[in-house]
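Here are the chains, one letter per residue:
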Amino acid sequence: MKRRTDMKERDDAVSPVIGVMLMLVVTIIIAAVVSTFAGGIMTSQEPTPSASFDVSMTNESIELVVQSTSQDISSKDITIVLSNAGQTRKLVPGASTVPFGFNIVEWSEVKGFHDSNSVGDANIKSTQAANDNNSKQWFGNYTLKAGSRMSASGAAFKGGLEGLAPPPEGLENLNSLGKGDFLGVITLDQWMSIFGDDGGVSTTEPDPMTDNVLKVGSRQKINDLDLIAFLETKGVQFTNGKPTGSFYATAEDTNWSFGRMCTYGDGFGISVTPGDRVSVTIVYTPSGQTMFMKTVAVKEA
């Protein structure tokens with residue numbers, strides 16, 4: 001009987017040890033999984049380069065000279081935002097030049113560009129970087145490096161095309177709304193004013209997929225019940241305010257852009273007079289982070 005008792009005591013002593021070891025192994029596995037997942041998140045974030053600019057403005061022009069950068073930066077990856085007294089103008093890369101002539105002129109010592117005249121100068125040859133028709137200097141087609149000089153006429157301050165209408169009533173702060181925020185606040189009436197009487201809705205992707213096409217994914221929620229009811233008549237199915245699959249809507253006005261930020265006419269434009277203090281912000285779009293910001297005093301041209 002004593003031998004059996006000794007064996008039972010030894011077995012009882014082993015059980016807690018095995019339990020502790022199993023808990024330790026599980027803890028290590030969970031820690032490894034969490035570490036791997038967190039590492040994946042960290043590495044998936046696009047790092048924001050650092051850059052310094054010398055910025056000058058008059059009531060007729062703006063110029064930005066790159067003083068230094070941590071790396072060469074493609075101009076297609078930046079958005080320049082001008083703000084003055086609550087007014088906003090966004091300069092974003094387009095297929096050619098950003099609306100109203102935001103172009104680049106490189107100093108002569110920068111390889112690939114051999115002209116330091118003002119953009120649009122009548123004496124500039126078509127082969128030179130500063131010529132209006134030379135695509136190398138169109139915003140989005142060039143690379144920023146130390147010495148790069150970007151300039152634009154005062155037309156860059158103005159918002160949109162001649163007769164550009166403001167966004168629908170209630171969406172005046174549109175240029176600060178991401179797509180999720182936009183879908184969260186838009187009403188049926190606002191939707192119709194943007195996409196037309198038929199709503200512009202399609203459950204298949206348009207070809208081509210242009211900037212004025214809004215893609216609504218299955219994870220994006222719409223809060224306006226009247227809008228949801230209307231979209232359901234167009235074949236879109238919803239669960240808890242979210243579509244069960246992606247659908248598309250095409251704005252009648254091609255000035256609309258439905259990217260990471262929903263914009264209309266690249267901002268509404270700003271008025272600039274000598275003595276104003278204009279905030280110049282440069283956003284690195286792959287990360288969505290501000291790369292540079294400075295307040296500049298406007299001088300007389």
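What counts and how
Residues numbered from 1 in each chain as written. Predicted model: local features only at pLDDT ≥ 70, side-chain atom pairs only at ≥ 80, totals over all residues. Heavy atoms only, no water. Helix = DSSP H or I, 4+ residues; strand = E, 2+ residues; numbered from the N terminus. Buried < 20%, exposed > 50% of the residue type's maximum accessible area, 1.4 Å probe, protein only. Contact = heavy atoms within 4.5 Å. Pairing = 2+ DSSP bridges. Axes fitted to C-alpha atoms, helices over the stretch in contact; angles between N-to-C directions. Arc of directions from axis to C-beta. Polar contact = N/O pair within 3.5 Å; in protein donor to acceptor, adjacent residues only side chain to side chain. pLDDT = per-residue confidence, 0-100. Phe/Tyr/Trp six-rings, centres within 6.5 Å; stacked < 30°, edge-to-face > 60°.

Let us look at the overall build of the protein. Of the regular secondary structure elements, the protein holds four helices and 17 strands. Within the protein, the proportion of its 301 residues that are buried is 37%. A separation of at least 24 residues holds for 68% of the contacts in the protein among residues at least 6 apart in sequence.

As a further point, take the sheet that holds strand 13 (residues 247-250). Strands pair in a sheet through their backbones, by hydrogen bonds, and they do so in one of two ways: parallel or antiparallel. Read across the open sheet, the three strands follow the order 9-13-10; overall the sheet is antiparallel. Edge positions in the sheet fall to strand 9 (201-202) and strand 10 (213-216), since each has one partner strand and no second. Direction of pairing for strand 10 relative to strand 13: antiparallel, over a ladder of four bridges. Within strand 13, the position partnered with Val213 by the bridge is Thr250. Sheet strands in contact with helix 3 (residues 188-195) are strand 9, strand 10 and strand 13, and its direction is about 65 degrees off that of strand 13.

So, on to the pairing of strand 2 (residues 61-69). Pairing of strand 1 (residues 51-58) with strand 2, which is carried by eight bridges, proceeds in the antiparallel orientation. Residue Thr58 lies in a different strand from strand 2, and its bridge partner there is Ser61. Across five bridges, the pairing between strand 2 and strand 8 (residues 148-153) is antiparallel. Following the sheet pairing, Ile62 is matched in strand 8 by Ala152.

A word on helix 4 (residues 225-233). Those residues of helix 4 that fall on the buried side of the exposure criterion are Leu227, Ile228, Phe230 and Leu231. Buried positions in helix 4, seen along its axis, are confined to an arc of 160 degrees and lie on one side of it. Among the exposed residues of helix 4, those pointing more than 90 degrees away from its buried face are Leu225, Asp226 and Thr233. Looking at the buried side of helix 4, the elements it contacts are helix 3, strand 9, strand 11 (238-239) and strand 13. With a side-chain oxygen lying 3.3 Å from the backbone nitrogen of Asp226, the N-terminal cap of helix 4 falls on Asp224. After helix 4 finishes, the residue Gly235 shows a positive phi value of roughly 95 degrees.

So, about the confidence of the model for the protein. For the protein, the mean per-residue pLDDT works out to 76, and 66% of the residues sit at or above 70. Throughout residues 37-44 the model reports pLDDT below 50, and contacts reaching past four residues in sequence, or to other chains, amount to zero contacts. Every residue in residues 106-119 is under pLDDT 50, and counting partners more than four places away or in other chains gives 40 contacts.

What follows concerns the packing of aromatic side chains. Within this structure, the stated rule accounts for six aromatic pairs. Summarising the aromatic geometry, the rings of Phe182 and Phe258 are spaced 5.8 Å apart at their centres and angled 45 degrees between planes, so their arrangement reads as tilted. Of the two residues, Phe182 sits in helix 2 (residues 179-185) while Phe258 sits in strand 14 (residues 256-258), which places them 76 residues apart along the sequence. For the pair Phe182 and Phe258, a shared accessibility class is recorded, and that class is buried. An aromatic cluster of three or more residues is present, and its members are Phe182, Trp191, Phe195, Phe247, Trp256 and Phe258.

Our focus in this paragraph is the environment of Ser50. Tracing the backbone through its elements, the reader meets Ser50 in the loop between helix 1 (2-44) and strand 1. We classify Ser50 as partly exposed; its relative accessible area is 47%. Ser50 sits 21 residues away from Gln71 along the chain, and the two C-alpha atoms are 7.9 Å apart. Excluding anything up to four places from it in sequence, Ser50 contacts Ser68, Thr69 and Ser70.

What follows deals with helix 3. Turning to helix 3, its buried residues are Gln190, Trp191, Ile194 and Phe195. For helix 3, the angular spread of the buried residues around the axis is 110 degrees, confining them to a single face. Where helix 3 is buried, its residues contact helix 2, strand 9, strand 10, helix 4, strand 13 and strand 14. Looking one or two residues past helix 3, Gly196 carries a phi angle of roughly 95 degrees, positive in sign.

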